[in-house]
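Fold and geometry: a report
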Amino acid sequence: MATPAEARVDLAAIRHNVALLKERAGGAEVLGAVKADAYGHGLVPTSEAVLQGGASRLGTAYIREALALRAGGITAPVLSWIITPGEPLDEALEAEIELSAADEALLDEIAAAARRTGRTARTHLEADTGMSRGGAPLAAWPGLLARALALQAEGVIEIVGLWSHFACADVPGHGSIDRQIDAFEAALKQAEQAGAAGSHVIRHLANSAAILTLPRTHYDMVRPGIAMYGLSPVPELGDFGLRPAMTLVARIALAKRVPESSGVSYGHLYVTSSETTLGLVPLGYADGILRHATGRAEVLAGGRRRAIAGRVCMDQFMIDMGDDPLAAGDEVILFGPGGRGEPTAQEWADNLGTITHEIVTRIGSRVPRVYRGSGT
Ligand SMILES: *Cc1c(COP(=O)(O)O)cnc(C)c1O
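What you are looking at is a predicted structure, and each value in this text was computed from that prediction instead of being measured. Along each chain, numbering runs from 1 in the same order as the chain's sequence is written. Local features in a predicted model are, by the rule used here, given only for residues with pLDDT of at least 70; side-chain atom pairs are given and counted only at 80 or more, and totals for whole chains, interfaces and linings are based on all residues. Hydrogens are left out, water is left out, and the side-chain values use all remaining heavy atoms of the structure.

**Side note on the sheet that holds strand S15 (residues 298-301)**
Within a sheet, adjacent strands bond to each other through the backbone by hydrogen bonds, running parallel or antiparallel. By the convention used here, strands pair only if DSSP detects at least 2 bridges between them. Numbered from the N terminus, helices here are DSSP runs of H or I no shorter than four residues, and strands are runs of E no shorter than two. Spatial strand order, S11-S14-S17-S16-S15-S18-S10-S1-S19: 9 strands in an open sheet with mixed pairing. Sheet topology places strand S11 (254-258) and strand S19 (369-372) at the edges, where each strand pairs with a single neighbour. The sheet shows a mean angle of 35° between the axes of neighbouring strands, direction not considered. In the sheet, strand S10 (residues 246-251) pairs with strand S18 (residues 331-335) via 4 bridges, with the strands oriented antiparallel. What sits directly across from Val249, in S18, is Ile333. Should any heavy atoms of two residues lie within 4.5 Å, those residues are counted as being in contact. Angular values range over 0 to 180 degrees, each being the angle between N-to-C directions of two axes fitted as lines to C-alpha atoms, with helices fitted over their stretch in contact. Each of strand S1 (5-10) and S19 is contacted by helix H1 (residues 11-24), which is oriented at about 40° to S1, the strand it contacts most.

**Topic: the UniProt feature "binding site: substrate" (unreviewed entry) in the chain**
UniProt positions are given in the numbering used here, feature names are shortened, and annotations may be inferred rather than shown by experiment. Cross-referencing UniProt, the feature "binding site: substrate" (unreviewed entry) maps to Arg133 and Met314 in the present numbering. A maximum C-alpha distance of 33.1 Å is found for the annotated residues, which run over 182 residues; spatially they are spread out rather than grouped. Looking at the element boundaries, Arg133 is found in the loop between strand S6 (121-126) and helix H7 (141-154). Setting aside chain neighbours within four positions, we find Arg133 in contact with Asp128 and His165.

**As for the pairing of strand S16 (residues 304-309)**
Both S15 and S16 contribute to a ladder of 4 bridges, which runs antiparallel. Counterpart to Ala301 in the pairing with S16 is Arg304. Here S15 folds back onto S16, and the loop between the two strands holds 2 residues, one of which, Gly302, carries a positive phi near 60°. Summarising the sheet, S16 and strand S17 (residues 317-320) pair through 2 bridges and their orientation is antiparallel. Note that in S17 the partner of Ala309 across the bridge is Met318.

**Looking at the packing of aromatic side chains**
Pairing of aromatic side chains requires ring centres within 6.5 Å, counting the rings of Phe and Tyr and the six-membered ring of Trp. Pairs whose planes differ by under 30 degrees are stacked, by over 60 edge-to-face, and all others tilted. The final tally for this structure, using the stated rule, is 4 aromatic pairs. For the ring pair Phe335 and Trp348, a centre distance of 6.3 Å and an interplane angle of 65° mean the geometry is edge-to-face. Here Phe335, found in strand S18, pairs with Trp348, found in helix H10 (residues 345-352); they are 13 residues apart in sequence, far enough to count as distant. Side by side, Phe335 and Trp348 carry an identical accessibility label, which is buried. Whether a residue is buried, partly exposed or exposed follows from its accessible area with a 1.4 Å probe, protein chains only, as a fraction of its type maximum: under 20%, in between, or over 50%, in that order.

**Focus on the pattern of salt bridges**
Put simply, a salt bridge is a Lys or Arg side-chain nitrogen that is within 4 Å of an Asp or Glu carboxyl oxygen. Within the structure shown, the criterion is met by 22 salt bridges. Note that Glu98 and Arg57 form a salt bridge whose closest N and O atoms lie 3.1 Å from each other. Within this pair, whereas Glu98 is found in strand S5 (residues 97-101), its partner Arg57 is found in strand S3 (residues 57-60), the two being separated by 41 residues in sequence. Judged by its relative accessible area of 8%, Arg57 falls in the buried class. Residue Glu298 is joined to Arg305 by a salt bridge in which the shortest nitrogen-to-oxygen separation is 2.9 Å. Owing to a relative accessible area of 30%, Arg305 belongs among the partly exposed residues under this scheme. A single network of salt bridges, built from pairs that share partners, joins Glu29, Arg57, Glu98, Arg122 and Glu158.

**Describing the sheet that holds strand S7 (residues 157-163)**
Sheet architecture is closed into a barrel: 8 strands sit in the order S2-S3-S4-S5-S6-S7-S8-S9, paired in parallel fashion. When strand S2 (residues 29-33) meets strand S9 (residues 221-222), the two strands line up parallel, connected through 2 bridges. Residue pairing across strands places Glu29 opposite Met221, the latter belonging to S9.

**Remarks on the domain arrangement of the chain**
What counts as a domain boundary in this text is fixed by an automatic or database domain assignment. Once the domains are mapped, the chain shows domain 1 (56-223) and domain 2 (246-372). Each of domain 1 and domain 2 has a C-alpha centre, and these two points are 41 Å apart.

**Details of the site of the ligand**
The ligand sits among 14 residues. The nearest are Lys35, Tyr39, Ser208, Arg223 and Ile226. Within the side chain of Lys35, an N or O atom sits 2.6 Å from an oxygen atom of the ligand. Coverage of the ligand by the protein chains reaches 91% of its 390 Å² of free accessible surface. A breakdown of the residues in the shell around the ligand according to their chemical character gives 6 nonpolar, 5 polar and 3 charged. The nearness test applies per residue and asks whether one of its heavy atoms lies within 4 Å of the molecule or strand. A 3.5 Å cut-off defines polar contacts: any pair of N or O atoms within that distance qualifies, except that in protein one atom must be a possible hydrogen donor and the other a possible acceptor, and neighbouring residues in sequence count only when both atoms are side-chain atoms. In these tables, accessible area is a Shrake-Rupley quantity obtained with a 1.4 Å probe, and a residue counts as shielded only by the protein chains included in the view. Ten residue types, Ala, Val, Leu, Ile, Met, Phe, Trp, Tyr, Cys and Pro, are classed as nonpolar, four, Asp, Glu, Lys and Arg, as charged, and the remainder, Gly among them, as polar.

**As for helix H6 (residues 104-117)**
Helices are assigned an expected span. That span is 1.5 Å times one less than the residue count. Spanning 14 residues, H6 covers 20 Å between terminal C-alpha atoms, matching the ideal 20 Å at 1.5 Å per step. Residues Leu106, Leu107, Ile110, Ala111, Ala113, Ala114 and Thr117 constitute the buried set of H6. For H6, the buried positions fall inside an angular range of 160° around the axis, keeping them on one side. Relative to its buried face, H6 has exposed residues pointing more than 90 degrees away, namely Ala105 and Arg116. Where H6 is buried, its residues meet helix H5 (89-94), S5, S6, H7 and S7. Once H6 ends, the next one or two residues include Gly118, with phi positive near 75°. The directions considered for the arc are those from the helix axis to the C-beta atoms.

**Focus on the side chain of Thr117**
Positionally, Thr117 belongs in helix H6. Looking at Thr117, the relative accessible area reads 17%, which means it is buried. A polar contact is formed between the side chain of Thr117 and the backbone oxygen of Ala113, at a distance of 2.8 Å. In contact with Thr117, not counting residues within four places along its chain, are Asp90, Leu93 and Glu94.

Okay, here's the thing in C-alpha coordinates:
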(Lines give C-alpha, C1' and ligand atoms only; values in the text may rest on other atoms or scores of the structure.)
Protein backbone atom coordinates (compact mmCIF):
# COMPACT_ATOMS: atom_id res chain seq x y z
CA MET A 1 0.00 0.00 0.00
CA ALA A 2 1.59 3.20 -1.21
CA THR A 3 -0.97 5.63 0.13
CA PRO A 4 -1.76 6.85 3.66
CA ALA A 5 -5.08 5.05 3.58
CA GLU A 6 -7.29 3.02 1.29
CA ALA A 7 -10.69 1.38 1.15
CA ARG A 8 -10.30 -2.21 -0.04
CA VAL A 9 -13.39 -3.47 -1.79
CA ASP A 10 -13.88 -7.21 -2.18
CA LEU A 11 -15.74 -7.62 -5.47
CA ALA A 12 -16.16 -11.35 -4.85
CA ALA A 13 -18.15 -10.46 -1.73
CA ILE A 14 -20.35 -8.12 -3.78
CA ARG A 15 -21.01 -10.85 -6.35
CA HIS A 16 -21.80 -13.31 -3.54
CA ASN A 17 -24.22 -10.88 -1.89
CA VAL A 18 -26.05 -10.05 -5.12
CA ALA A 19 -26.37 -13.75 -5.98
CA LEU A 20 -27.75 -14.42 -2.49
CA LEU A 21 -30.29 -11.59 -2.85
CA LYS A 22 -31.32 -12.75 -6.31
CA GLU A 23 -31.93 -16.21 -4.93
CA ARG A 24 -33.96 -14.81 -2.03
CA ALA A 25 -35.99 -12.72 -4.48
CA GLY A 26 -37.19 -15.86 -6.27
CA GLY A 27 -37.83 -15.06 -9.90
CA ALA A 28 -37.81 -11.29 -9.52
CA GLU A 29 -35.37 -9.16 -11.48
CA VAL A 30 -32.69 -7.37 -9.44
CA LEU A 31 -31.97 -3.65 -9.82
CA GLY A 32 -28.83 -2.84 -7.84
CA ALA A 33 -28.95 0.55 -6.11
CA VAL A 34 -25.54 2.08 -6.84
CA LYS A 35 -26.29 5.70 -5.94
CA ALA A 36 -23.78 7.68 -3.90
CA ASP A 37 -20.77 6.11 -5.62
CA ALA A 38 -22.17 2.63 -5.00
CA TYR A 39 -22.56 3.42 -1.30
CA GLY A 40 -18.97 4.62 -1.23
CA HIS A 41 -17.54 1.48 -2.81
CA GLY A 42 -16.70 3.09 -6.18
CA LEU A 43 -19.34 3.40 -8.91
CA VAL A 44 -18.10 1.59 -11.98
CA PRO A 45 -16.04 -1.35 -10.66
CA THR A 46 -18.72 -2.09 -8.06
CA SER A 47 -21.52 -1.84 -10.62
CA GLU A 48 -19.72 -4.31 -12.86
CA ALA A 49 -19.56 -6.77 -9.95
CA VAL A 50 -23.25 -6.14 -9.16
CA LEU A 51 -24.16 -7.07 -12.73
CA GLN A 52 -21.85 -10.10 -12.67
CA GLY A 53 -23.56 -11.21 -9.43
CA GLY A 54 -26.90 -11.40 -11.22
CA ALA A 55 -28.48 -7.95 -11.22
CA SER A 56 -29.93 -7.07 -14.62
CA ARG A 57 -30.42 -3.36 -13.91
CA LEU A 58 -28.90 -0.52 -11.92
CA GLY A 59 -30.47 2.42 -10.14
CA THR A 60 -29.14 5.82 -9.13
CA ALA A 61 -30.65 8.81 -7.41
CA TYR A 62 -29.36 11.45 -9.84
CA ILE A 63 -29.12 11.50 -13.61
CA ARG A 64 -25.49 12.58 -13.38
CA GLU A 65 -24.72 9.35 -11.53
CA ALA A 66 -26.39 7.40 -14.32
CA LEU A 67 -24.39 9.32 -16.93
CA ALA A 68 -21.23 8.42 -15.01
CA LEU A 69 -22.20 4.76 -15.38
CA ARG A 70 -22.54 5.24 -19.13
CA ALA A 71 -19.22 7.10 -19.26
CA GLY A 72 -17.72 4.10 -17.46
CA GLY A 73 -18.92 1.79 -20.20
CA ILE A 74 -21.94 0.27 -18.44
CA THR A 75 -24.67 -0.56 -20.93
CA ALA A 76 -27.23 -2.27 -18.66
CA PRO A 77 -30.57 -0.53 -18.11
CA VAL A 78 -30.26 2.28 -15.56
CA LEU A 79 -33.07 4.06 -13.72
CA SER A 80 -32.70 7.46 -12.02
CA TRP A 81 -35.35 8.51 -9.50
CA ILE A 82 -34.54 12.01 -8.28
CA ILE A 83 -35.01 14.58 -11.02
CA THR A 84 -35.44 18.30 -10.46
CA PRO A 85 -37.08 20.80 -12.85
CA GLY A 86 -34.81 22.09 -15.60
CA GLU A 87 -32.35 19.22 -15.61
CA PRO A 88 -30.84 18.29 -18.99
CA LEU A 89 -33.16 15.41 -19.74
CA ASP A 90 -32.13 15.24 -23.42
CA GLU A 91 -28.74 13.94 -22.41
CA ALA A 92 -30.36 11.33 -20.16
CA LEU A 93 -32.63 10.10 -22.94
CA GLU A 94 -29.78 9.98 -25.41
CA ALA A 95 -27.85 7.85 -22.91
CA GLU A 96 -30.91 5.55 -22.64
CA ILE A 97 -31.46 6.26 -18.97
CA GLU A 98 -34.87 5.40 -17.61
CA LEU A 99 -36.49 8.15 -15.56
CA SER A 100 -38.90 8.12 -12.66
CA ALA A 101 -41.72 10.63 -12.43
CA ALA A 102 -44.06 11.43 -9.55
CA ASP A 103 -45.88 14.44 -10.92
CA GLU A 104 -47.40 15.58 -14.16
CA ALA A 105 -45.11 18.58 -14.55
CA LEU A 106 -42.07 16.31 -14.67
CA LEU A 107 -43.84 13.95 -17.07
CA ASP A 108 -44.37 16.97 -19.35
CA GLU A 109 -40.66 17.89 -19.13
CA ILE A 110 -39.72 14.31 -19.94
CA ALA A 111 -42.15 14.32 -22.88
CA ALA A 112 -40.69 17.59 -24.19
CA ALA A 113 -37.19 16.11 -24.06
CA ALA A 114 -38.48 13.03 -25.88
CA ARG A 115 -39.97 15.18 -28.65
CA ARG A 116 -36.70 17.14 -28.99
CA THR A 117 -34.50 14.06 -29.15
CA GLY A 118 -36.84 11.77 -31.03
CA ARG A 119 -36.44 9.18 -28.28
CA THR A 120 -39.20 7.37 -26.42
CA ALA A 121 -38.69 8.08 -22.72
CA ARG A 122 -38.82 4.87 -20.71
CA THR A 123 -40.57 6.02 -17.57
CA HIS A 124 -41.30 4.57 -14.13
CA LEU A 125 -44.24 6.07 -12.24
CA GLU A 126 -43.70 6.37 -8.50
CA ALA A 127 -46.57 6.19 -6.01
CA ASP A 128 -46.31 7.48 -2.46
CA THR A 129 -47.80 4.56 -0.53
CA GLY A 130 -47.11 6.03 2.90
CA MET A 131 -43.51 7.16 3.22
CA SER A 132 -44.43 10.76 2.33
CA ARG A 133 -41.08 11.26 0.56
CA GLY A 134 -40.95 10.67 -3.21
CA GLY A 135 -43.94 9.49 -5.19
CA ALA A 136 -47.34 10.78 -6.16
CA PRO A 137 -49.80 10.92 -3.29
CA LEU A 138 -52.58 8.45 -3.97
CA ALA A 139 -55.02 11.30 -4.64
CA ALA A 140 -52.80 12.45 -7.52
CA TRP A 141 -52.10 8.94 -8.83
CA PRO A 142 -55.08 8.67 -11.23
CA GLY A 143 -54.10 12.01 -12.78
CA LEU A 144 -50.50 10.90 -13.17
CA LEU A 145 -51.62 7.66 -14.81
CA ALA A 146 -53.91 9.51 -17.21
CA ARG A 147 -51.19 11.98 -18.21
CA ALA A 148 -48.68 9.16 -18.71
CA LEU A 149 -51.16 7.21 -20.84
CA ALA A 150 -51.84 10.22 -23.03
CA LEU A 151 -48.11 10.75 -23.57
CA GLN A 152 -47.69 7.04 -24.21
CA ALA A 153 -50.43 7.21 -26.87
CA GLU A 154 -48.48 10.04 -28.49
CA GLY A 155 -45.43 7.77 -28.53
CA VAL A 156 -43.17 10.03 -26.48
CA ILE A 157 -43.08 8.03 -23.29
CA GLU A 158 -43.38 4.37 -22.47
CA ILE A 159 -44.58 3.32 -19.04
CA VAL A 160 -42.06 0.63 -18.06
CA GLY A 161 -42.42 0.57 -14.28
CA LEU A 162 -44.77 1.22 -11.38
CA TRP A 163 -43.10 1.52 -8.05
CA SER A 164 -42.96 2.74 -4.48
CA HIS A 165 -40.61 2.66 -1.48
CA PHE A 166 -40.94 1.45 2.13
CA ALA A 167 -40.49 3.72 5.13
CA CYS A 168 -40.05 1.02 7.79
CA ALA A 169 -39.17 -2.30 6.13
CA ASP A 170 -36.16 -2.48 8.48
CA VAL A 171 -38.46 -2.53 11.53
CA PRO A 172 -40.00 -6.02 11.49
CA GLY A 173 -43.70 -5.89 12.31
CA HIS A 174 -44.01 -2.12 11.94
CA GLY A 175 -47.66 -1.27 11.36
CA SER A 176 -46.90 0.86 8.29
CA ILE A 177 -45.59 -2.14 6.31
CA ASP A 178 -48.97 -3.75 5.70
CA ARG A 179 -50.57 -0.37 5.08
CA GLN A 180 -47.97 0.42 2.43
CA ILE A 181 -48.42 -2.98 0.75
CA ASP A 182 -52.20 -2.43 0.68
CA ALA A 183 -51.72 1.06 -0.77
CA PHE A 184 -49.33 -0.30 -3.41
CA GLU A 185 -51.85 -2.98 -4.36
CA ALA A 186 -54.53 -0.30 -4.69
CA ALA A 187 -52.23 1.84 -6.86
CA LEU A 188 -51.47 -1.15 -9.10
CA LYS A 189 -55.15 -1.94 -9.39
CA GLN A 190 -55.92 1.61 -10.52
CA ALA A 191 -53.10 1.33 -13.05
CA GLU A 192 -54.52 -1.94 -14.35
CA GLN A 193 -58.00 -0.45 -14.68
CA ALA A 194 -56.58 2.57 -16.49
CA GLY A 195 -54.64 0.32 -18.86
CA ALA A 196 -51.20 1.35 -17.57
CA ALA A 197 -50.12 -2.00 -16.15
CA GLY A 198 -49.59 -4.27 -19.12
CA SER A 199 -47.76 -7.53 -18.59
CA HIS A 200 -44.40 -5.99 -19.56
CA VAL A 201 -44.69 -3.26 -16.88
CA ILE A 202 -42.30 -3.88 -13.99
CA ARG A 203 -43.80 -3.53 -10.51
CA HIS A 204 -41.18 -2.88 -7.83
CA LEU A 205 -41.27 -2.07 -4.12
CA ALA A 206 -38.68 -3.99 -2.06
CA ASN A 207 -35.42 -2.55 -0.68
CA SER A 208 -32.84 -4.79 1.04
CA ALA A 209 -34.83 -5.23 4.24
CA ALA A 210 -37.98 -6.16 2.35
CA ILE A 211 -36.14 -8.61 0.07
CA LEU A 212 -34.87 -10.51 3.10
CA THR A 213 -37.90 -10.29 5.39
CA LEU A 214 -41.04 -9.65 3.29
CA PRO A 215 -41.17 -12.15 0.40
CA ARG A 216 -44.65 -11.04 -0.64
CA THR A 217 -43.20 -7.67 -1.68
CA HIS A 218 -40.85 -9.00 -4.36
CA TYR A 219 -43.25 -8.42 -7.30
CA ASP A 220 -41.39 -8.30 -10.67
CA MET A 221 -38.21 -6.62 -9.46
CA VAL A 222 -36.37 -5.83 -6.22
CA ARG A 223 -34.03 -2.93 -5.46
CA PRO A 224 -31.28 -3.94 -3.02
CA GLY A 225 -28.75 -1.40 -1.81
CA ILE A 226 -27.04 -1.90 1.54
CA ALA A 227 -27.26 -5.71 1.48
CA MET A 228 -25.27 -5.90 -1.78
CA TYR A 229 -22.40 -4.32 0.10
CA GLY A 230 -22.64 -7.05 2.74
CA LEU A 231 -24.17 -4.95 5.49
CA SER A 232 -27.30 -6.18 7.23
CA PRO A 233 -30.45 -4.17 6.56
CA VAL A 234 -31.94 -5.49 9.81
CA PRO A 235 -28.96 -5.95 12.16
CA GLU A 236 -31.04 -7.37 15.01
CA LEU A 237 -31.94 -10.31 12.74
CA GLY A 238 -28.29 -11.13 11.98
CA ASP A 239 -26.17 -10.99 8.84
CA PHE A 240 -28.36 -13.17 6.54
CA GLY A 241 -25.14 -14.74 5.15
CA LEU A 242 -24.00 -11.44 3.64
CA ARG A 243 -20.27 -10.65 3.46
CA PRO A 244 -19.11 -7.06 4.12
CA ALA A 245 -17.22 -5.88 1.06
CA MET A 246 -15.31 -2.87 2.36
CA THR A 247 -12.22 -2.84 4.59
CA LEU A 248 -10.92 0.61 5.52
CA VAL A 249 -7.20 0.65 6.33
CA ALA A 250 -4.59 3.30 7.03
CA ARG A 251 -0.88 3.22 7.75
CA ILE A 252 0.55 4.83 10.85
CA ALA A 253 2.25 8.01 9.64
CA LEU A 254 4.17 8.74 12.85
CA ALA A 255 4.83 6.77 16.03
CA LYS A 256 6.42 8.52 19.00
CA ARG A 257 7.04 8.18 22.72
CA VAL A 258 5.41 10.83 24.88
CA PRO A 259 5.55 11.27 28.66
CA GLU A 260 2.77 10.67 31.18
CA SER A 261 0.12 13.44 31.32
CA SER A 262 0.50 14.46 27.68
CA GLY A 263 -2.68 16.11 26.38
CA VAL A 264 -3.52 14.64 22.96
CA SER A 265 -5.08 16.42 19.95
CA TYR A 266 -7.40 19.45 19.88
CA GLY A 267 -8.97 20.23 23.22
CA HIS A 268 -6.78 17.73 25.08
CA LEU A 269 -9.79 15.46 25.54
CA TYR A 270 -7.37 12.55 26.03
CA VAL A 271 -4.45 12.68 28.45
CA THR A 272 -1.88 9.88 28.64
CA SER A 273 -1.88 8.01 31.92
CA SER A 274 1.77 6.93 31.65
CA GLU A 275 4.68 7.20 29.25
CA THR A 276 3.40 5.65 26.05
CA THR A 277 3.68 5.41 22.27
CA LEU A 278 1.16 7.43 20.28
CA GLY A 279 0.35 6.57 16.65
CA LEU A 280 -0.87 9.09 14.10
CA VAL A 281 -3.55 7.60 11.82
CA PRO A 282 -3.86 9.66 8.62
CA LEU A 283 -7.65 9.73 8.23
CA GLY A 284 -10.00 12.36 9.59
CA TYR A 285 -13.43 13.85 9.29
CA ALA A 286 -12.70 15.01 5.73
CA ASP A 287 -12.43 11.30 4.92
CA GLY A 288 -15.65 10.36 6.68
CA ILE A 289 -14.23 9.52 10.10
CA LEU A 290 -16.83 11.57 11.89
CA ARG A 291 -15.59 13.98 14.54
CA HIS A 292 -18.37 12.46 16.59
CA ALA A 293 -16.27 9.23 16.65
CA THR A 294 -13.96 10.91 19.17
CA GLY A 295 -13.94 8.64 22.22
CA ARG A 296 -16.52 6.31 20.67
CA ALA A 297 -14.89 4.22 17.93
CA GLU A 298 -12.05 1.69 17.95
CA VAL A 299 -9.53 0.47 15.38
CA LEU A 300 -7.36 -2.65 15.13
CA ALA A 301 -3.60 -2.07 15.26
CA GLY A 302 -0.94 -4.66 16.03
CA GLY A 303 -3.61 -7.29 16.59
CA ARG A 304 -5.34 -5.28 19.34
CA ARG A 305 -8.27 -2.92 19.53
CA ARG A 306 -7.34 0.70 20.33
CA ALA A 307 -9.67 3.57 21.09
CA ILE A 308 -9.37 6.82 19.18
CA ALA A 309 -7.31 8.97 21.56
CA GLY A 310 -8.69 12.51 21.63
CA ARG A 311 -10.36 14.52 18.93
CA VAL A 312 -10.66 13.32 15.36
CA CYS A 313 -9.14 16.13 13.23
CA MET A 314 -9.73 16.91 9.56
CA ASP A 315 -6.98 14.64 8.24
CA GLN A 316 -5.83 12.58 11.19
CA PHE A 317 -6.45 11.11 14.63
CA MET A 318 -4.24 9.55 17.28
CA ILE A 319 -4.25 6.14 18.94
CA ASP A 320 -2.51 5.17 22.18
CA MET A 321 -0.35 2.09 21.52
CA GLY A 322 1.12 1.72 25.04
CA ASP A 323 4.42 -0.11 24.92
CA ASP A 324 3.54 -2.22 21.90
CA PRO A 325 6.21 -2.24 19.20
CA LEU A 326 4.20 -0.47 16.53
CA ALA A 327 5.96 1.80 14.07
CA ALA A 328 5.30 4.22 11.26
CA GLY A 329 4.12 2.28 8.22
CA ASP A 330 2.25 -0.36 10.20
CA GLU A 331 -1.30 -1.02 9.14
CA VAL A 332 -4.37 0.00 11.11
CA ILE A 333 -7.79 -1.44 10.23
CA LEU A 334 -10.69 0.87 10.97
CA PHE A 335 -13.38 -1.56 9.93
CA GLY A 336 -13.81 -4.66 7.81
CA PRO A 337 -15.65 -7.98 7.76
CA GLY A 338 -14.51 -8.62 11.35
CA GLY A 339 -12.67 -11.89 10.81
CA ARG A 340 -9.34 -10.60 12.06
CA GLY A 341 -10.78 -9.00 15.17
CA GLU A 342 -11.25 -5.62 13.54
CA PRO A 343 -14.40 -3.60 14.17
CA THR A 344 -17.15 -3.90 11.59
CA ALA A 345 -19.01 -1.04 9.90
CA GLN A 346 -21.97 -2.22 11.98
CA GLU A 347 -19.97 -1.69 15.16
CA TRP A 348 -19.00 1.82 14.01
CA ALA A 349 -22.64 2.56 13.23
CA ASP A 350 -23.78 1.28 16.62
CA ASN A 351 -21.10 3.27 18.46
CA LEU A 352 -21.97 6.43 16.55
CA GLY A 353 -25.74 6.07 16.80
CA THR A 354 -26.24 5.74 13.05
CA ILE A 355 -26.69 3.13 10.31
CA THR A 356 -24.00 1.45 8.21
CA HIS A 357 -25.23 3.28 5.09
CA GLU A 358 -23.85 6.48 6.60
CA ILE A 359 -20.54 4.91 7.63
CA VAL A 360 -19.64 3.63 4.16
CA THR A 361 -21.10 6.42 2.03
CA ARG A 362 -19.14 9.09 3.89
CA ILE A 363 -15.68 7.71 3.12
CA GLY A 364 -14.24 10.63 1.18
CA SER A 365 -12.93 10.88 -2.35
CA ARG A 366 -9.38 11.35 -1.04
CA VAL A 367 -9.32 7.67 -0.01
CA PRO A 368 -8.55 5.47 -3.01
CA ARG A 369 -10.77 2.45 -3.56
CA VAL A 370 -8.66 -0.62 -4.24
CA TYR A 371 -10.33 -3.70 -5.69
CA ARG A 372 -9.81 -7.34 -4.86
CA GLY A 373 -11.54 -10.42 -6.16
CA SER A 374 -12.23 -9.15 -9.65
CA GLY A 375 -13.02 -11.65 -12.38
CA THR A 376 -15.76 -14.20 -12.20
C1 LIG B 1 -31.47 3.59 -1.71
C2 LIG B 1 -32.67 3.01 -2.32
C3 LIG B 1 -32.85 1.62 -2.35
C4 LIG B 1 -31.94 0.66 -1.63
O5 LIG B 1 -32.20 0.75 -0.24
P6 LIG B 1 -31.44 -0.21 0.82
O7 LIG B 1 -32.18 0.03 2.08
O8 LIG B 1 -30.04 0.28 0.90
O9 LIG B 1 -31.56 -1.57 0.31
C10 LIG B 1 -33.94 1.13 -3.03
N11 LIG B 1 -34.80 1.96 -3.64
C12 LIG B 1 -34.68 3.31 -3.60
C13 LIG B 1 -35.67 4.16 -4.27
C14 LIG B 1 -33.62 3.87 -2.92
O15 LIG B 1 -33.50 5.21 -2.87
